[in-house]
Amino acid sequence: DAGVIQSPRHEVTEMGQEVTLRCKPISGHNSLFWYRQTMMRGLELLIYFNNNVPIDDSGMPEDRFSAKMPNASFSTLKIQPSEPRDSAVYFCASTRGGSYNEQFFGPGTRLTVL
Amino acid sequence: KQEVTQIPAALSVPEGENLVLNCSFTDSAIYNLQWFRQDPGKGLTSLLLIQSSQREQTSGRLNASLDKSSGRSTLYIAASQPGDSATYLCARSTSNTGKLIFGQGTTLQVKP
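Just so it is clear, the model here is predicted, and its values are computed rather than measured.

A. Representation of the pattern of salt bridges in the model. All names here are of chain A. Within the structure shown, the criterion is met by eleven salt bridges over all chains. Arg-64 is the salt-bridge partner of Asp-86, the closest N and O atoms lying 2.7 Å from each other. With Asp-86 in the loop between β8 (74-79) and β9 (88-95) and Arg-64 in the loop between β6 (53-56) and β7 (65-71), this pair connects stretches of sequence that are 22 residues apart. Measuring nitrogen to oxygen at the nearest pair gives 2.6 Å for the salt bridge that ties Glu-83 to Arg-85. The class for Glu-83 is partly exposed, based on a relative accessible area of 24%. Each of the salt bridges in this network shares a partner with another, and the network as a whole consists of Glu-62, Arg-64, Glu-83, Arg-85 and Asp-86.

Here it is in structure tokens:
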């Protein structure tokens, strides 16, 4: 199994630009999570999906952030417009769900907004 | 608030030493607890998952325990090696949705 796949691995953009991060979960996993990691705040859950449906988006910082999961094998996290304070590492994770829901993380996307 | 606290924030030990990393949580309504390892600039690697009905899990030189009544989990690393140097994070969930609340992590350095 290839594990959770994220792209791009690194993204440098200018303030005001749109940024789209992509994630492919592990095949057969029915829950997908988007996290943000910064030195100041650690790992924060932004949003998670169960069977492609957004369940909890209370961690999404503001309306500039949006996430979609059009099918079981693909999800996107979009920031429009981006701001320097959005600079962080964004992780995607997936789990099979149920009683033994070990969570597996992707390698992350390091975003720098200038 | 569903806080997860890890102490100490950083730890440096000589190679070969046995060590314990601590994780505490404020809400005893835990579904499971998961320990992760993160190397610099990398993603998180799952080490051990303890379900609420379990007391401990073991994998190689790692042993994780869970005490729900006291709101604590420990990760025991036996015979530490320089390759164990990394940040270790614990995370708890309160339901079968998989939603995790993370601690800030303990950064471990094992000196040769």
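B. Region of interest: the interface of chain A and chain B. Contact residues are listed per partner, giving 23 residues for chain A and 21 residues for chain B. Counting the surface lost from both chain A and chain B, the interface buries some 1,700 Å², and carbon and sulfur atoms represent 48% of this. Our count for the chain A to chain B interface comes out at one salt bridge. Here chain A and chain B share four residue pairs in polar contact (both at pLDDT 80 or more) between them. Taken together, the elements giving at least two residues each to the side of chain A that touches chain B come down to β4 (31-38) and β5 (42-50) of chain A. Looking at the side of chain A that touches chain B residue by residue, the class counts come to ten nonpolar, nine polar and four charged.

C. Up close: the nonpolar core. Ranked by internal contacts, the top residues of the largest apolar core, which has 22 residues, are Leu33(B), Trp35(B), Leu75(B), Ile77(B), Tyr88(B) and Leu108(B). Secondary structure elements with two or more residues in this core: β3 (19-25), β4 (32-38), β5 (44-51), β7 (62-67), β8 (72-77), β9 (86-93) and β11 (106-111) of chain B. At four residues, the largest contribution of residues to this core is made by β3(B). Each residue touching Leu108(B), except ones within four places of it in the same chain, is listed here: Leu11(B), Val13(B), Leu19(B), Ile77(B), Asp84(B), Ser85(B), Ala86(B) and Tyr88(B). Core analysis: the second largest hydrophobic core is formed by 21 residues, Leu21(A), Ile47(A), Ala67(A) and Cys92(A) among them.

D. Seen up close, the pairing of β5(A). All names here are of chain A. Of all nine residues making up β5, eight are buried, and the element is well covered by its neighbours. Sheet topology places β4 next to β5; eight bridges connect them, and they run antiparallel. Residue pairing for β5: Arg-36 is matched across the bridge by Glu-44. Linking two consecutive strands that pair antiparallel, namely β4 and β5, is a turn of three residues. Here three bridges tie β5 to β6, and the two strands are oriented antiparallel to one another. Residue Phe-49 lies in a different strand from β6, and its bridge partner there is Pro-54.

E. Examining the state of the cysteines more closely. All names here are of chain A. A full pass over the atoms with the stated rule returns two disulfides over all chains. Covalently, Cys-23 is tied to Cys-92 through a disulfide, its sulfur atoms 1.9 Å apart. Across the disulfide from Cys-23 to Cys-92, rotation about the S-S bond amounts to roughly -65°, and the bridge is consequently left-handed. Placement of Cys-23 in strand β3 (residues 19-24) and of Cys-92 in strand β9 is noted, with a sequence separation of 69 residues between them.

F. How the structure looks around the sheet that holds β8(A). Residues and elements named next belong to chain A. Strand order in the open sheet formed by four strands is β1-β3-β8-β7, with antiparallel pairing between adjacent strands. Single-partner strands in this sheet number two, and they are β1 (5-7) and β7. Neighbour-to-neighbour, the strand axes of this sheet turn through a mean angle of 15°, independent of strand direction.

G. Structural view of the environment of Gln80(A). Residue and element names in this part refer to chain A. As for its placement among the helices and strands, Gln-80 is situated in the loop between β8 and β9. With 65 residues separating them along the chain, Gln-80 and Met-15 place their C-alpha atoms 9.6 Å apart. For Gln-80, the side chain forms a polar contact with the main-chain nitrogen of Glu-18, separated by 3.2 Å.

Rules of the game
- Residues numbered from 1 in each chain as written.
- Chains lettered and ligands numbered in written order.
- Predicted model: local features only at pLDDT ≥ 70, side-chain atom pairs only at ≥ 80, totals over all residues.
- Heavy atoms only, no water.
- Salt bridge = Lys/Arg side-chain N within 4 Å of Asp/Glu carboxyl O.
- Helix = DSSP H or I, 4+ residues; strand = E, 2+ residues; numbered from the N terminus.
- Buried < 20%, exposed > 50% of the residue type's maximum accessible area, 1.4 Å probe, protein only.
- Contact = heavy atoms within 4.5 Å.
- Buried area = accessible area lost by both parts, 1.4 Å probe.
- Polar contact = N/O pair within 3.5 Å; in protein donor to acceptor, adjacent residues only side chain to side chain.
- Nonpolar A, V, L, I, M, F, W, Y, C, P; charged D, E, K, R; others polar.
- Core = buried A, V, L, I, M, F, W, Y, C linked by side-chain atoms within 4.5 Å.
- Pairing = 2+ DSSP bridges.
- Disulfide = S-S within 2.5 Å.
- Axes fitted to C-alpha atoms, helices over the stretch in contact; angles between N-to-C directions.

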